[in-house]
Amino acid sequence: MCLAIPAEVVELLPEQMARVSLDGVSKVVSVALVEGVVVGDYVVVHVGFALTRIDPDEAKQTLALLAEMSQSAEAAR
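Residues numbered from 1 in each chain as written. Predicted model: local features only at pLDDT ≥ 70, side-chain atom pairs only at ≥ 80, totals over all residues. Heavy atoms only, no water.

### Let's talk about the overall build of the protein chain
Working step 1: Of regular secondary structure, the protein chain possesses one helix and five strands.
Working step 2: Going from the N terminus to the C terminus, the protein chain shows its helices and strands as β-β-β-β-β-α.
Working step 3: C-alpha extents for the protein chain along the principal axes are approximately 45 × 25 × 20 Å.
Working step 4: Taking all 77 residues of the protein chain together, 25% fall into the buried category.
Working step 5: For the protein chain, the proportion of contacts with a sequence separation of at least 24, taken over those separated by at least 6, is 33%.
Working step 6: Total accessible area on the protein chain stands at roughly 5,300 Å², and carbon and sulfur atoms take up 55% of it. (Helix = DSSP H or I, 4+ residues; strand = E, 2+ residues; numbered from the N terminus. Buried < 20%, exposed > 50% of the residue type's maximum accessible area, 1.4 Å probe, protein only. Contact = heavy atoms within 4.5 Å. Areas by Shrake-Rupley, 256 points an atom, 1.4 Å probe, with all protein chains shown as cover.)

### Here we look at the nonpolar core
Across soluble globular proteins, nonpolar side chains show a tendency to be buried alongside one another.
Working step 1: Judged by nonpolar contacts, Ala7, Val9, Ala18, Val20, Leu22, Val29, Val31, Val34, Val37, Val43, Val45 and Ala50 together constitute the single largest core of 12 residues.
Working step 2: For this core, the secondary-structure elements that each account for two or more residues are β1 (5–13), β2 (17–22) and β4 (42–46).
Working step 3: Element by element, the count of residues in this core is highest for β2, at three residues.
Working step 4: If sequence neighbours within four positions are ignored, valine 29 has contacts with Gln16, Met17, Ala18, Val20, Val45, Gly48 and Phe49. (Core = buried A, V, L, I, M, F, W, Y, C linked by side-chain atoms within 4.5 Å.)

### Brief notes about unusual backbone geometry
Working step 1: For glutamine 16, which is not a glycine, the phi torsion comes out positive at approximately 60°.
Working step 2: Positionally, glutamine 16 belongs in the loop between β1 and β2.
Working step 3: Even without being a glycine, valine 47 presents a positive backbone phi close to 40°.
Working step 4: The exposure class of valine 47 is exposed, given its relative accessible area of 67%.

### Points about the pairing of β1
Working step 1: Pairing analysis gives four bridges linking β1 to β4, with the strands arranged antiparallel. Directly across from isoleucine 5, in β4, lies its bridge partner valine 45.
Working step 2: Examined bridge by bridge, β1 and β2 share five bridges and lie antiparallel to one another. Within β2, the position partnered with glutamate 8 by the bridge is serine 21.
Working step 3: The antiparallel pairing of β1 with β2 creates a hairpin that spans three residues between the two strands, and glutamate 15 there sits at a positive phi of about 60°. (Pairing = 2+ DSSP bridges.)

Don't take any of this as a statement about function, it's just geometry.
Spelled out as C-alpha cells, the structure:
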C-alpha cells in the first residue's frame, strides 16, 4: 500500500525542486515529473516526488479526511 498526500507548493527551488507545505510542515520535493508547477499549486506527493497537480478544493477535502482519520485513530487508543 502506498500513500500520496496533497501538498501546497510554497516555493520553487533550483534543479526542479520545490518547498511544499504538508499541513503546515515544510518539505522539499522534486517537481521534475510535473510540468508547469507554480507557487500556490497543490500537488500529490509520494516519497519525495510530486506526481501530479490536484484541484485545490479536492486537496483540502482530502487533507480534512486525513485529519479526521488521524483524530479517530487517536481517540481509539
